[in-house]
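# Coordinate analysis (summary)
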Amino acid sequence: MALIDSTSGKVIRDYSIEELRDAANLMRGYDLVALCAAGSGHAGGTLSIMDISAALYLKVANHDPRNPNWVDRDRILWSTGHKAPSLYLGLAFAGFCPLDDVVTLRKLSSPYQGHPHWLKLPGVEASTGSLGQGLSIAVGLALAGRLDQQQHKTFCIMGDGEQQEGQVWEAAMEAGHYHLDNLIGIIDCNRLQIDGWVKDVMEVEPLAAKYAGFGWDVMRIDGHDMTQVVDALQQAKSVKGRPVLILADTVKGKGVSFMENQAGWHGKAPNYEEMTKGLLELGLSERIPVAHLLDKAKQYQVEVDHKLDTKMPKFTRNYWWNATPNMKVKMEPTRKGFGQSLAENGDDERVVCLGLDISGSITISDFYSGKPERKRRWISMGIAEQSATSAAAGLAREGKLPVLGTYATFAAARNLDQIRTSVCYGNFNVLIAGAHGGVSVGPDGATHQALEDLFAMQGLPNMSVVVPCDAVETRKATTYLLLEHKGPKYIRFAREATPIVSEEKTPFVFGQANVIRLRQETSDFVKAFETVLASSYKNEAEDLSIIACGPMVPEAMRAAYILKKEFGYETRVLNLHTLKPIDADAIVQAARETGVVVTAEEHQIGALAWRVSGILTECPQLYGHPVITGAIGVKDRFGDSGAPWELIKEFEVSAEHIAHKVLELMAIKKKGLVERVERNFAEVR
């Protein structure tokens, strides 16, 4: 049985092997179209797992598309969450959702998120994305099934590179220990991960022997032979007394010649020409309504754009980046500055860089790129943040200068206890890079958008925290932290290209804020501003202060431009690139001299706002001096899939939102001044 009417118990449809082959092929075609429409995603792995997805959703797993929460359904858990399109297409072909809708993949507010979210789409069993966690969830589902004396099975789909995560082996041990014969693990063995061949990054084989050692029944199949796939899945459902693991040997990018066995297609989407070529190779050029699907995606995007435009604060003209003939700015990913510093300073024999599988994306691999003599000091750790963090502590104990980095949400959350105990408690000299911070990570969605990491890092004793504003400042900060600063340090930077708002001559002093002032409107945005150390800044009687860090510094500068042009307000912008230790003097001076303080952070409100508020409330110099405060940041919610700059608007952290908040506070300030004058006048009378 597979697709079942849960009310009558009748089979809705039983697919033959040939029909499953055809469905899997069609699913590959729809996958290419959806990825092309999204402009991002993971082509390689979604194509490699598609035969298994078709077999599970259309033939083997018992479920009812009209009753997604049917208590007796089999559970299918996708631990390898970046292969979400394969999950969505499995659901769509089974009838859980409209097939055409999958083309809204990775778009803002779409239920087809970059990584699956069970609260957005019926049929998704759990929200996943951070690799290595799914098997543990599946163990919990299987344990619950046993406790409730239910007969359903739980399937857990994983990747072979994912086996590098230690949590996988904790779950494997638990499943074996409890003899969970209602649990079936499936590993998509396509042999490639982001950094290359799995065997070269961090060998995981022999997987069969390892799982067998934990008490699993193991079988190995050709993951593209539909007969073998169906037979193995059905056989697995009949095993008693032990959990089952199916090792499915597959080809990454299966079915599209130029994608097959290419690591570069792990996290890449085809353009229109590549999609067209892929559909031709799959024999689907005439079977899939490409024009209709792409038009549907386009229309959905039009609706998204309209909604975003409606909620954006409006001014007399458009002040968006590079939207006008003047005040132009160059855009560059802040992460590039990190790689540039490692490339420049990597000759120091003490420097050791640890790779965590997204090395090229976060630019840590620039350390050895073109410099083979450094390769011996490049240590690939695979997808294993926790172990890598503690290993870095060991390297630091022996006098090395270890550097490790990954997505900020993995660099500062999954391994938080290791950072706390192995690194900070011993005060070891370890540099941790939290890359791709904030909502501007974009369509990968909530699981990959770090919006809480700065809370954790600032809360750790001995930890220093730096959030540079652009690529230039990121390079300066990395160089300082790497070669001069002693102790645990965390540097956070973004993925998306953001405005370059500093120059070589712009001061960068660890622990000291910069004051940025708009001087004139020019053709070059950077040249319109003057930046000086806060410690040497003289009061210019500005109307307000905006205190920002990271990519919010350019937004704060643009807000200052809006406020000057539209309302004549003078703004003191503080670039608080060092959050810990924080420049309390600069904050107090700004509050005392302007009376209005707005904080701006691409993070849950509080990492910056609460620190600033704490300083203001505890400072005796401000007793008797009214200070009006406001905060711009993410408002206690998880991220969403969408284009990076869409999310800046959606999460209300743009310059326009900063300026709008300032106007609210300035109204309060003006009202207070009027009331004070009236009160003083009444007292005189």
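Described in the following lines is the structure provided in the data block. If you're wondering where the values come from, they're calculated on a predicted model, not measured in any experiment.

## With respect to the overall build of the protein chain
A tally of regular secondary structure across the protein chain gives 23 helices and 24 strands. Taken against the 2.2 N^0.38 rule, which gives 26 Å for 685 residues, the C-alpha radius of gyration of the protein chain at 27 Å falls within 12% of a compact globule. Every one of the 685 residues in the protein chain was classed for burial, and the buried ones make up 60%. In the protein chain, of all internal contacts separated by at least 6 residues, the share reaching a separation of at least 24 is 79%. Counting every atom, the protein chain has about 26,000 Å² of accessible surface; 52% of that belongs to carbon and sulfur. Side-chain charges in the protein chain split into 74 positive and 84 negative, and the spacing between the mean points of these groups amounts to 3 Å.

## Re the side chain of Asp-188
Positionally, Asp-188 belongs in strand S5 (residues 183-189). Exposure remark for Asp-188: the relative accessible area of 0% places this residue in the buried category. Engagement of the side chain of Asp-188 in a polar contact is seen with the side chain of Lys-83, the distance being 2.7 Å. Residues in contact with Asp-188, not counting those within four places in the same chain, are Gly-45, Ser-48, Ile-49, Lys-83, Met-158, Gly-159, Asp-160, Ala-248 and Thr-250.

## Re the packing of aromatic side chains
The full count for this structure, using the stated rule, is 18 aromatic pairs. Relative to Trp-645, the ring of Trp-320 has its centre 5.7 Å away and its plane inclined at 85 degrees; by these criteria the two rings are edge-to-face. Taken as a pair, Trp-320 in the loop between helix H11 (290-311) and strand S10 (331-333) and Trp-645 in helix H22 (residues 644-650) lie far apart in primary sequence, 325 residues in all. Take Trp-320: its relative accessible area is 18%, and that puts it in the buried class. On the basis of relative accessibility, which here comes to 23%, the residue Trp-645 falls in the partly exposed class. Measuring from ring centre to ring centre gives 4.9 Å for Tyr-368 and Trp-378, while their planes differ by 50 degrees; the resulting arrangement is tilted. With Tyr-368 in the loop between helix H13 (359-362) and strand S12 (378-380) and Trp-378 in strand S12, the pair connects residues that are 10 residues apart, well separated along the chain. Members of the aromatic cluster, joined through ring pairs, are Phe-315, Tyr-319, Tyr-561, Phe-567 and Tyr-569. Positioned above the aromatic ring of Trp-265 is the side chain of Lys-268, whose terminal nitrogen or guanidinium carbon lies 4.4 Å from the ring centre. Lys-649 extends its terminal NZ or CZ atom over the ring of Trp-320, reaching a point 4.6 Å from the ring centre.

How each quantity is defined
- Residues numbered from 1 in each chain as written.
- Predicted model: local features only at pLDDT ≥ 70, side-chain atom pairs only at ≥ 80, totals over all residues.
- Heavy atoms only, no water.
- Helix = DSSP H or I, 4+ residues; strand = E, 2+ residues; numbered from the N terminus.
- Rg over C-alpha atoms; globule rule 2.2 N^0.38 Å.
- Buried < 20%, exposed > 50% of the residue type's maximum accessible area, 1.4 Å probe, protein only.
- Contact = heavy atoms within 4.5 Å.
- Areas by Shrake-Rupley, 256 points an atom, 1.4 Å probe, with all protein chains shown as cover.
- Lys, Arg positive; Asp, Glu negative; His and termini not counted.
- Charge placed at Lys NZ, Arg CZ, Asp CG, Glu CD.
- Polar contact = N/O pair within 3.5 Å; in protein donor to acceptor, adjacent residues only side chain to side chain.
- Phe/Tyr/Trp six-rings, centres within 6.5 Å; stacked < 30°, edge-to-face > 60°.
- Lys NZ or Arg CZ within 6 Å of the ring centre and 35° of its normal.

None of the figures reported here should be taken as evidence of function without further support.
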